[in-house]
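If you want the building blocks of each chain, they are given just below.
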Amino acid sequence: MESGAIANWNLKEGDSFGAGDVFCSIETDKATVDFEAQDDGVVAKILKEAGTNEIDCGIPIMVTVEDGDDISAFTNFQPDGPPATDEPSQQTKLALNSTDVTPLTLIATQHPKTSDPVLPTFTDNKRIIASPLAHKLAKELGHNIRAIAGTGPGGRIIAADVTEFVPMETVGVPTIQEIPADTLAQATMTAEPTIGVGYKDYPLSDSARQTAARLAMSKRNVPHYYLTIDLKMDKMLEMRASLNEAVGDDEQIGVYELLLKAAGASMKAVPTVNASWMDSVVRVYDDVDINVVVGNGDAMYTPVIRDVSSRGVKSLSADLKAAMLSLIEEEEEEDGNSVLKDLSPSFSALGTLTVMNLGMYGVKSCAPIVTEPQAAALAFGVIENRIVPSNNEDEVYKESVMMTATMSLDHRVVDGAVGAQWLAAFKSHVENPTTLLL
């Protein structure tokens, strides 16, 4: 789409609108599409009337403001003409600075709601198109609005983009980084709800909101696909029993630690999964650092276990137990709330793979969300007895201890064939755990 005509206006000057309201209908050479609002505001000035005249993409068609009191400032406003560059005219620039308004333009897409995010740059002289409410929220939350990717028409930054924004070290290229540990330590494990008529509102901690924002952004940005495999656990359980005979009661090794070791060994076998999407390159990491999901609700964290592939199972078990113990330890505040003590930096670090175990809840399988910038996430289901085909000629079926593992992958980094190779390596290590000693 290079141009279009306004078939009709659904709103007039002075009308208020909300997200989802249709400003007007745009006729193109192929279809008629609705131009929908992405935020709340008021129509201050209609610059192009409905008719058969074609309007090129990029030409302003109206001006919106956040407050109706600002409408009078645009009674006689007229744009200087088609913008030749990204820089607005001096008259428009003055108007934007004085009243914080956003001219809306025809955009080169037939589906404004699902347009790909356009990442703004940090160049000081680069014009940033954002709604008044987005500017206000960014200022209140202390975010640099130039670092926020816009999902509105033409890359316009809307309020939802600001509220879901998770600050990164660079725009559009997430990196392995850490969340400040003192921020996580401020999370309150218990909070008094606000009681309304027929409902209760439970406040969220800073860490819970940050986790929610990160997962929402990852789910939106990462092209997920999922692979599932069934694993025979008999030999791994036998090895666990044998290892626990050689250690003390306070050093007992769990199946989870053996599965983590198998995941680390699989990363070494198929190293392209131990990677991140970096926009213009795929970065493959040398060390295998695994985030394990521990806790639940407002006290759910993902401490990282470092260098899993080159360490022994006993060492991994000690790190995992230390992480669990730090969550159990609590202290009392003066207001009676129970909060976590200062957490170690491992609780805020991001590794190269996230692993979760839902088998303790009887869940058979789970498709986890890949956390950017990681390329994979692995979830374990319940370990249970199942009837499976037997290789013995004397019996058709036999009882075996089985578990289902599901892997979520970033298709930009790992295609289906490579993902299958990784799961095949993981299955081999689990079903023949002596290979973990090599």
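Everything in this summary refers to the structure shown in the same document. (Residues numbered from 1 in each chain as written. Predicted model: local features only at pLDDT ≥ 70, side-chain atom pairs only at ≥ 80, totals over all residues. Heavy atoms only, no water.)

Re the side chain of S400
- Tracing the backbone shows S400 in strand β21 (residues 397-410).
- For S400, a relative accessible area of 3% gives the class buried. (Helix = DSSP H or I, 4+ residues; strand = E, 2+ residues; numbered from the N terminus. Buried < 20%, exposed > 50% of the residue type's maximum accessible area, 1.4 Å probe, protein only.)

Concerning the sheet that holds strand β1 (residues 3-9)
- Pairing in this open sheet of four strands is antiparallel, and the strands run β4-β3-β1-β6 from one edge to the other. The open sheet is flanked by β4 (32-36) and β6 (55-56), the only strands paired with a single partner. (Pairing = 2+ DSSP bridges.)

With respect to the pattern of salt bridges
- Applying the stated rule across the entire model yields nine salt bridges.
- D230 is paired through a salt bridge with R386; the nearest N and O atoms lie 3.5 Å apart. Of this pair, D230 sits in strand β11 (residues 224-232) while R386 is found in strand β20 (residues 384-389), placing the two residues 156 residues apart along the sequence.
- A salt bridge links E384 to R386, with the nearest nitrogen and oxygen atoms 2.9 Å apart.
- Exposure remark for E384: the relative accessible area of 28% places this residue in the partly exposed category. (Salt bridge = Lys/Arg side-chain N within 4 Å of Asp/Glu carboxyl O.)

Quick notes on the packing of helix α6 (residues 234-244) against helix α7 (residues 255-269)
- Contact geometry of α6 with α7 gives a least axis separation of 10 Å together with a crossing angle of 115°. Crossing of α6 over α7 shows right-handed handedness. Side by side, α6 and α7 meet where M236, L237, R240 and L243 of the first sit next to V255, L258 and L259 of the second.
- The class makeup of the residues in the contact of α6 with α7 is six nonpolar, no polar and one charged. (Axes fitted to C-alpha atoms, helices over the stretch in contact; angles between N-to-C directions. Left-handed = near helix turned anticlockwise from the far one by under 90°. Contact = heavy atoms within 4.5 Å. Nonpolar A, V, L, I, M, F, W, Y, C, P; charged D, E, K, R; others polar.)

Re empty space enclosed by the protein
- The final tally for this structure, using the stated rule, is two cavities of 30 Å³ or more.
- The computed volume of the second largest cavity comes to approximately 50 Å³.
- Along the walls of the second largest cavity sit F17, D39, D40, G41, T64, V65, E66, S131, P132 and R156, which together make up its complete lining.
- Among the residues forming the lining of the second largest cavity, the class breakdown is three nonpolar, three polar and four charged. (1 Å grid on protein atoms, 1.4 Å probe; cavity = no way out; pocket = protein on both sides within 12 Å on 5 of 7 lines; lining within 4 Å. Points joined across faces, edges and corners; volume = space filled by probe spheres on them.)

Some points on the nonpolar core
- Counting 45 residues, the largest nonpolar core has W422 and F426 as its most contacted members.
- For this core, the elements supplying multiple residues, two or more each, are β11, α7, β14 (290-292), α8 (313-328), β18 (353-357), β19 (376-380), β21 and α9 (416-431).
- When residues of this core are assigned to their parent elements, the largest contribution, nine residues, is made by α7.
- Every residue in contact with W422, bar those within four places of it in the chain, is listed here: A263, S266, M267, V270, V273, L378 and M407.
- With 16 residues, the next largest nonpolar core counts W9, C24, A37 and I55 among its residues. (Core = buried A, V, L, I, M, F, W, Y, C linked by side-chain atoms within 4.5 Å.)

It is worth stressing that arrangement in space is one thing and function is another; only the former is reported here.
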